[in-house]
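Structural characterization, general
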Amino acid sequence: MPQPPSIPRLKVLTGIPKTIRDPIKTFNGYSGIYGENYLLSVGGSRRTHLTIDPDVVQYVLQKNHRNYEKSEIQTDQVARYFGHGLLTNSGKSWLTQRRLIQPGFHRKRLEKLTESMQSVIDLQCEDLRAKAASGTKMNLHHFTRDAVFRIIVKAIFTDGFNEEDTARLNAAIDKVHGYIIYPVRVPFLRGPLRWLGQEKKHIGLANDVRRDIQRRIDLRRAEDPKDDLLQMLLDTRYEDTGEPMTDEQLIDEVLILFAAGYETSANSLAWTIWLLLRHPDKMALVRKEIAEAEAVGPIDFEGVRRLPYLTQVVDESLRMYPPAWITDRVALEDDDTGTFSITKGTVIGLFIHGLHHNPAHWEAPYEFRPERMTPEAKKARHPSCYVPFGGGPRLCIGNHFAMLEMLLLLSSVLKDFDFELESGAELVGHKPLITLHMDRVVRVAVKEI
Ligand code: HEM
């Protein structure tokens with residue numbers, strides 16, 4: 001099928017270094033010049049159709065999702081390290097696993113996890129109290145990272161990890177996460193990284209984590225059942241065979257929950273706190289709302305519903321700094337998206353950051369305006385111009401988990417503590433790795449309110 005002439009085609013051989021350095025800036029620049037859709041050929045790699053067009057996003061993720069699979073970058077490349085869990089799986093096997101795991105994230109299960117999340121948050125607050133008393137400044141991202149990592153560990157293993165184990169696991173996962181951006185983002189580095197032994201080293205680290213998880217599984221089988229995600233994965237049975245998951249699949253799924261559900265929420269929380277600190281008027285509204293919500297009752301699974309403004313703040317933070325700032329799909333057959341035709345094998349880059357800043361759908365897109373995230377305002381917008389958790393059948397399975405942990409943590413922390421940003425913190429920019437990081441360390445002084 002021929003491409004309609006209206007879709008610009010860019011050959012950006014010379015643009016490779018700047019695309020590698022800051023793909024967000026580069027792609028947003030191209031969108032400003034060439035519009036919502038354009039074809040990109042980056043020196044020899046497969047043609048990629050970049051889009052910030054909500055109609056196309058909706059078409060690919062939902063309306064004709066059967067014709068689009070994740071690319072090998074998202075599946076095989078990441079699976080080398082993190083295994084074939086939900087995030088990296090595809091086709092029939094993905095669907096079977098998704099059906100099996102979905103119930104673990106239903107409302108009732110999440111409600112049961114609330115207490116465990118809150119117990120981690122309470123410990124983190126104790127740590128903050130000590131920091132406030134000693135006047136120690138803290139690294140904002142380390143704080144959110146530790147909190148979120150402990151929450152996910154406890155949600156999966158209840159009580160399986162002590163401090164030392166948690167720190168070791170966290171360090172290993174961070175190292176692998178930090179490394180895979182190179183083979184994923186820069187295909188021509190894959191060979192050299194292999195020759196230099198880097199690939200082997202990081203697969204080795206991931207294998208250490210796998211062995212650790214296997215030990216926890218063996219321990220659990222010898223213990224009484226618990227009410228956590230590991231138990232859910234152990235107890236579930238395939239509909240057709242009545243068999244449980246193999247240990248290998250179990251480990252893949254646990255590992256992928258760490259890989260998908262940790263950096264994303266940790267970054268988002270750091271961005272949200274940073275945004276609020278830079279907008280004291282919004283912070284005051286948040287604190288007022290938390291105080292009023294607490295006056296009615298505890299802020300728990302039901303209580304977070306009394307925090308509509310804080311929810312809007314988190315939504316707006318996810319719009320401005322979407323942790324999953326890009327995703328992709330490959331067309332399995334020639335297709336017509338309604339806006340343009342696409343040939344089999346073409347990659348579509350769903351550029352979520354660009355979509356969330358698309359001026360055709362967002363007024364003053366670079367301004368922090370939680371007010372634009374009321375349910376009414378959301379309804380009035382195109383449903384696919386805001387997709388921080390993706391969309392269609394592959395919608396993030398942990399979206400409610402993530403929102404719950406973020407609201408619980410923010411409400412606990414912001415009601416009792418104030419943070420002072422170091423000078424220069426207003427200059428923070430984004431650093432697009434696998435997820436969207438801050439480009440520098442942000443330190444804050446902690447004060448008890
Ligand atoms: C702010 C936090 C989070 C954000 C922004 C986020 C974002 C996303 C996005 C955009 C996708 C879809 C990717 C695609 O379709 O290409 C996704 C998938 C996924 N997420 Fe999340 N996520 C978050 C938190 C979590 C948490 C807490 C968990 C687990 C506890 C989790 C587990 C997963 C899994 C397993 C998938 C793959 C689902 C599938 O393909 O069936 N995520 N996430």
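Rules of the game
Residues numbered from 1 in each chain as written. Predicted model: local features only at pLDDT ≥ 70, side-chain atom pairs only at ≥ 80, totals over all residues. Heavy atoms only, no water. Buried < 20%, exposed > 50% of the residue type's maximum accessible area, 1.4 Å probe, protein only. Helix = DSSP H or I, 4+ residues; strand = E, 2+ residues; numbered from the N terminus. Pairing = 2+ DSSP bridges. Near = heavy atom within 4 Å. Polar contact = N/O pair within 3.5 Å; in protein donor to acceptor, adjacent residues only side chain to side chain. Nonpolar A, V, L, I, M, F, W, Y, C, P; charged D, E, K, R; others polar. Contact = heavy atoms within 4.5 Å. Core = buried A, V, L, I, M, F, W, Y, C linked by side-chain atoms within 4.5 Å. pLDDT = per-residue confidence, 0-100. Axes fitted to C-alpha atoms, helices over the stretch in contact; angles between N-to-C directions. Parallel < 35°, antiparallel > 145°, perpendicular 65-115°, else oblique. Left-handed = near helix turned anticlockwise from the far one by under 90°. Donors = N, O, S within 2.8 Å, 3.2 Å for Na, K, Ca; no water.

**Things to note about the pairing of strand β2 (residues 37-41)**
For β2, a buried count of five out of five residues is recorded, marking the element as mostly surrounded by other parts of the structure. Sheet topology places β2 next to strand β3 (residues 48-51); four bridges connect them, and they run antiparallel. Paired with L39 across the two strands is H49, which belongs to β3.

**Points about the site of the ligand**
Near the ligand, the surroundings consist of 28 residues, among which W94, R98, T327, R329 and C396 are the closest. Within the side chain of R98, one N or O atom sits 2.7 Å away from an oxygen atom of the ligand. Note that an oxygen atom of the ligand is positioned 2.7 Å from one of the side-chain N or O atoms of R329. In terms of residue class, the shell around the ligand is built from 17 nonpolar, seven polar and four charged.

**Describing helix α4 (residues 73-82)**
For α4, the buried fraction is high: seven of the 10 residues fall into the buried class. Taken together, the buried positions of α4 are occupied by Q74, T75, Q77, V78, A79, Y81 and F82. Its buried side turned inward, α4 meets α8 (163-185), α9 (190-195), α10 (198-222), α12 (247-261) and β6 (327-331). One or two residues past the end of α4 sits G83, with phi positive at roughly 80 degrees.

**Focus on the nonpolar core**
Judged by nonpolar contacts, the single largest core of 117 residues is most densely connected at F258, W274 and F419. In terms of nonpolar packing, the next biggest core, distinct from the first, is built from 15 residues, A331, I348, L355 and V387 among them.

**Concerning the confidence of the model for the protein chain**
Residues of the protein chain with pLDDT of at least 70 account for 95%, and the chain-wide mean is 92. Low pLDDT, under 50, characterises residues 1-5; the stretch is placed with 13 contacts to residues that sit more than four places away or in other chains.

**Observations regarding the packing of α10 against α12**
At a minimum axis separation of 10 Å, α10 and α12 run at an interaxial angle of 115 degrees. Between α10 and α12, the crossing angle belongs to the class labelled roughly perpendicular. Of the two possible hands of crossing, α10 and α12 adopt the one that is right-handed. For the pair formed by α10 and α12, the contact residues are V209, R210, I213, Q214, I217, D218 and R221 on the first element and D247, E248, L250, I251, D252, V254 and L255 on the second. A per-class count over the contact of α10 with α12 returns seven nonpolar, one polar and six charged.

**Let's talk about the coordination of the iron atom of the ligand**
Protein coordination of the iron atom of the ligand is limited to a single donor, C396 (SG), positioned at 2.3 Å. Checked against the element boundaries, C396 lands in the loop between α17 (375-380) and α18 (399-416).

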